[in-house]
Amino acid sequence: MWSPRSQSLHVGLSAQGLIHARTAGLWRSQVVACERIDCVAVADEESWRPAVTALSRLLAAQRRGKTSLHVVLSGRFVRWQLLPWRPELTQARELSAYASLRFRETFGKAAQDWQVLHAPQAPGKTVPACAIDAALIEALRSTCETSGASLAAVTPYFASAFDHWRGNLNGKTAWFGLIEPDCLSLGLLRDGNWMGLHTERLDGDWRHVLPGMMAQIGISAGLTEAAPPLYLAGGVDAPLPDPGLPFAWLRPKAQAPRAVADCRMALGV
């Protein structure tokens, strides 16, 4: 049962560091604190390691009381594959094995060290599968065990944001993109079915990368619609309108506290 001393800590983990939002009470929408901790990359070290180290220090400094940790992972730490419907795969373990095989075929031996997860697959639907470095998951579990926190969830930012905003797409053919400071994730849906999904690293303005991603995914998916609407979200400042690349920017409600807007990645929106 919840008590006044219970608290939830929502953390967005990226190569640049971490953003954490603290919520309390019965409803996690009650944000009581928000902060960014910048990290510096270390040579010959995993890109996620500095942020996990910062998280360990953050948890160690927390006041006494039970902390439930919800981690949202940057697209830099997640790889995606789409699994088309295969009626011969009747068991969940068969689909899991197929997902792991797809990652090994695409990424080679590196995929042997990844933890592969996928959503439940409805008949006739393509389902996204993600792969995360197993060492990252283990580091998060170890950090929580040491600090006494409970690891409630580890979710890719793209998956969390899409689940939050999917109602805005109205079930039609549409693009959904998620912008982060150093990567861009883009998916194409048709009638609620995934047609393409890809993440690209950014070395500059995302506007220079997005049209090429749309063209590549659209060709592979056999896209015939003239110009499906483009919906964008992410933990960056709201982009200025672009007549050459029209889009709808998805943001938290205007009445939401400023802390919510500043901590979008930590909250997975």
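Our structure is the block above this text.
Taking 1.5 Å of rise per residue, 16 residues should cover 22 Å, and helix α2 (residues 92-107) covers 23 Å from first to last C-alpha, within 8% of that figure. Those residues of α2 that sit buried are L95, Y98, A99 and F103. Viewed along the axis of α2, the buried residues span an arc of 140°, placing them on a single side of the element. Exposed residues on α2 whose side chains face more than 90 degrees from its buried face are R93 and E105. Looking at the buried side of α2, the elements it contacts are β5 (78-83), β6 (114-118) and β7 (127-133). In the segment just after α2, G108 is the residue with positive phi, at about 75°.

What follows covers the state of the cysteines. Following the criterion strictly, the structure yields 1 disulfide and no others. Covalent S-S linkage joins C34 and C263, the inter-sulfur distance amounting to 1.3 Å. Residues C34 and C263 share a disulfide whose torsion about the S-S bond is about 60°; that sign makes it right-handed. Of this pair, C34 sits in strand β3 (residues 31-38) while C263 sits in the loop between α6 (258-262) and α7 (264-267), and the two are 229 residues apart along the sequence. Looking at C34, the relative accessible area reads 31%, which means it is partly exposed. Its sulfur unpaired, C39 is 15 Å from the next cysteine sulfur, which belongs to C263. Residue C39 is classed as buried on the basis of its relative accessible area of 18%. Among the cysteines around C130, which has no disulfide bond, C183 carries the closest sulfur, lying 14 Å off.

Here the focus is the sheet that holds strand β13 (residues 248-249). Taken together, 5 strands build an open sheet; the order of strands is β11-β10-β9-β12-β13 and the sheet is mixed. The two strands at the open ends of the sheet, each matched to only one other strand, are β11 (193-201) and β13. Across 2 bridges, strand β12 (residues 230-234) lies against β13 in parallel orientation. Each bridged residue has a counterpart across the sheet, and for Y231 the counterpart in β13 is A248.

Conventions we followed
- Residues numbered from 1 in each chain as written.
- Predicted model: local features only at pLDDT ≥ 70, side-chain atom pairs only at ≥ 80, totals over all residues.
- Heavy atoms only, no water.
- Helix = DSSP H or I, 4+ residues; strand = E, 2+ residues; numbered from the N terminus.
- Expected span 1.5 Å × (residues − 1).
- Buried < 20%, exposed > 50% of the residue type's maximum accessible area, 1.4 Å probe, protein only.
- Arc of directions from axis to C-beta.
- Contact = heavy atoms within 4.5 Å.
- Disulfide = S-S within 2.5 Å.
- Pairing = 2+ DSSP bridges.

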